[in-house]
Amino acid sequence: MNGQKRSDIAVGQSVKIVLKQDQRTGKLTSGIVKDILTNSPNHPHGIKVRLQDGQVGRVKEIEKA
């Protein structure tokens, strides 16, 4: 699943995000969702989230539980 629909993402879920500084390279960072920062129901570049370690980025992949 890609991270474009807000309804697909839940707090506590394991995801892979792209950080702002990694957008050119596409390097993904794994983590657990702490907060969902995007208010709209979908976003073409991915829903913006804050991970438990404080990093902020857009969800590119939702990992299977």
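In the block above lies the structure referred to throughout.
Since this is a predicted model, take the numbers as computed values, not measurements. (Residues numbered from 1 in each chain as written. Predicted model: local features only at pLDDT ≥ 70, side-chain atom pairs only at ≥ 80, totals over all residues. Heavy atoms only, no water.)

1. Some words on the overall build of the protein chain
Now for step 1: Looking only at helices and strands, one finds 0 helices and 4 strands in the protein chain.
Now for step 2: Computed over its C-alpha atoms, the radius of gyration of the protein chain comes to 10 Å, within 12% of the 11 Å expected for a compact globule of 65 residues.
Now for step 3: On the principal axes, the C-alpha backbone points of the protein chain span a range of 25 × 25 × 20 Å.
Now for step 4: Burial status across the protein chain gives 31% buried among its 65 residues.
Now for step 5: When contacts within the protein chain are restricted to residue pairs at least 6 apart in sequence, long-range pairs at least 24 apart make up 48% of them.
Now for step 6: In the structure as shown, the protein chain presents an accessible area of about 4200 Å², 47% of it carried by carbon and sulfur atoms. (Helix = DSSP H or I, 4+ residues; strand = E, 2+ residues; numbered from the N terminus. Rg over C-alpha atoms; globule rule 2.2 N^0.38 Å. Buried < 20%, exposed > 50% of the residue type's maximum accessible area, 1.4 Å probe, protein only. Contact = heavy atoms within 4.5 Å. Areas by Shrake-Rupley, 256 points an atom, 1.4 Å probe, with all protein chains shown as cover.)

2. Remarks on the nonpolar core
Now for step 1: In this structure, I9, V15, I17, L19, V33, I47, V49, L51, V59 and I62 together form the largest nonpolar core, which totals 10 residues.
Now for step 2: Of all the secondary structure elements, the ones that give two or more residues to this core are β1 (14-19), β3 (48-51) and β4 (56-62).
Now for step 3: Top element by residues in this core is β1. It accounts for 3 residues.
Now for step 4: Setting aside residues up to four positions removed in sequence, L19 forms contacts with T29, Q55, V56 and G57. (Core = buried A, V, L, I, M, F, W, Y, C linked by side-chain atoms within 4.5 Å.)

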